Amino acid sequence: MFWIIQTGDTAMIVLAMIIGLGIGHGVAYSVTALFFTSVFPVELRYTGSAVTYQVSAAVLSGPVPLVMTALVSAAGGSLWYGAGFLMLVCCAGLLGGLLLHPMAERDMELAESRGRV
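Every value quoted in this text rests on a predicted model; they were computed, and no experiment measured them.

Conventions adopted
- Residues numbered from 1 in each chain as written.
- Predicted model: local features only at pLDDT ≥ 70, side-chain atom pairs only at ≥ 80, totals over all residues.
- Heavy atoms only, no water.
- Disulfide = S-S within 2.5 Å.
- Helix = DSSP H or I, 4+ residues; strand = E, 2+ residues; numbered from the N terminus.
- Contact = heavy atoms within 4.5 Å.
- pLDDT = per-residue confidence, 0-100.
- Axes fitted to C-alpha atoms, helices over the stretch in contact; angles between N-to-C directions.
- Parallel < 35°, antiparallel > 145°, perpendicular 65-115°, else oblique.
- Left-handed = near helix turned anticlockwise from the far one by under 90°.
- Patch = residues over 30% accessible without salt bridge, like charges linked within 9 Å, V, L, I, M, F, W, Y side chains within 5 Å.
- Areas by Shrake-Rupley, 256 points an atom, 1.4 Å probe, with all protein chains shown as cover.
- Salt bridge = Lys/Arg side-chain N within 4 Å of Asp/Glu carboxyl O.
- 1 Å grid on protein atoms, 1.4 Å probe; cavity = no way out; pocket = protein on both sides within 12 Å on 5 of 7 lines; lining within 4 Å.
- Points joined across faces, edges and corners; volume = space filled by probe spheres on them.
- Nonpolar A, V, L, I, M, F, W, Y, C, P; charged D, E, K, R; others polar.

Next up on the list: the state of the cysteines. When the sulfur atoms of two cysteines share a covalent bond, that bond is a disulfide. Enumeration according to the criterion identifies zero disulfides in this entry. Sulfur of cysteine 90: no disulfide; nearest cysteine sulfur belongs to cysteine 91 and is 7.0 Å away.

Take a look at the structure:
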């Protein structure tokens, strides 16, 4: 995406945005709700997933435009520092996702101990 933006070709930028937002966001957000709810036990599922999603969006996503602007400015107008920053954020998200353990097995054990299965 950053490479396409650097070319300055308006048609390609629009096409990349349509594909990126139309397909990329759909793929990413299609599993978000399921993933967040699988991390919390049933008793805390709604509150845990809502707070996690909203707080992370405000605290982590909120300053990203400022950070990206500073990185582009520091790079003299080049977008590559910003692209590197986003790659680091993606790696941190991947690592965090791999370290989380879904509650499905623990929920089943809890249900069995309560005689609900």
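From this point on, the discussion continues.
All right, on to the environment of histidine 25 then. Position of histidine 25 among the secondary structure elements: in helix H2 (residues 10-30). Along the sequence, histidine 25 and glycine 77 sit 52 residues apart, while their C-alpha atoms lie 26 Å from each other. Ignoring any residue separated from it by four or fewer positions in sequence, one finds histidine 25 in contact with Gly20 and Ser30.

On to the confidence of the model for the protein. Per-residue pLDDT for the protein has a mean of 84; in total, 91% of the residues score no lower than 70. When pLDDT is averaged over each element of the protein, helix H5 (residues 64-74) comes out on top at 94 and helix H7 (residues 104-113) at the bottom at 68.

Turning to the packing of helix H3 (residues 32-39) against helix H4 (residues 45-61), a few remarks are in order. Close contact between H3 and H4 brings their axes to 8 Å; oriented N to C, the two are set at 120 degrees. In terms of orientation, H3 and H4 fall into the oblique class. Judged by the twist between their axes, the crossing of H3 over H4 is right-handed. On H4, the residues touching Thr32, Phe36 and Thr37 of H3 are Arg45, Ser49, Thr52 and Tyr53.

As a further point, take a nonpolar patch on the surface. A cluster of nonpolar side chains, Met12, Leu15, Ile19, Ile23 and Val27, forms an exposed patch at the surface whose accessible area comes to about 460 Å². You can see valine 27 is positioned in helix H2.

The next point concerns the layout of surface pockets. Of the pockets and cavities examined, the largest pocket occupies roughly 1600 Å³. Taken together, 35 residues line the largest pocket, and the ones lying closest to its centre are Ala28, Tyr29, Ser61, Val89 and Cys90. Breaking the lining of the largest pocket down by element, the ones donating at least two residues are helix H1 (2-7), H2, H3, H4 and helix H6 (80-99). Residue composition of the lining of the largest pocket, grouped by class: 25 nonpolar, 10 polar and no charged.

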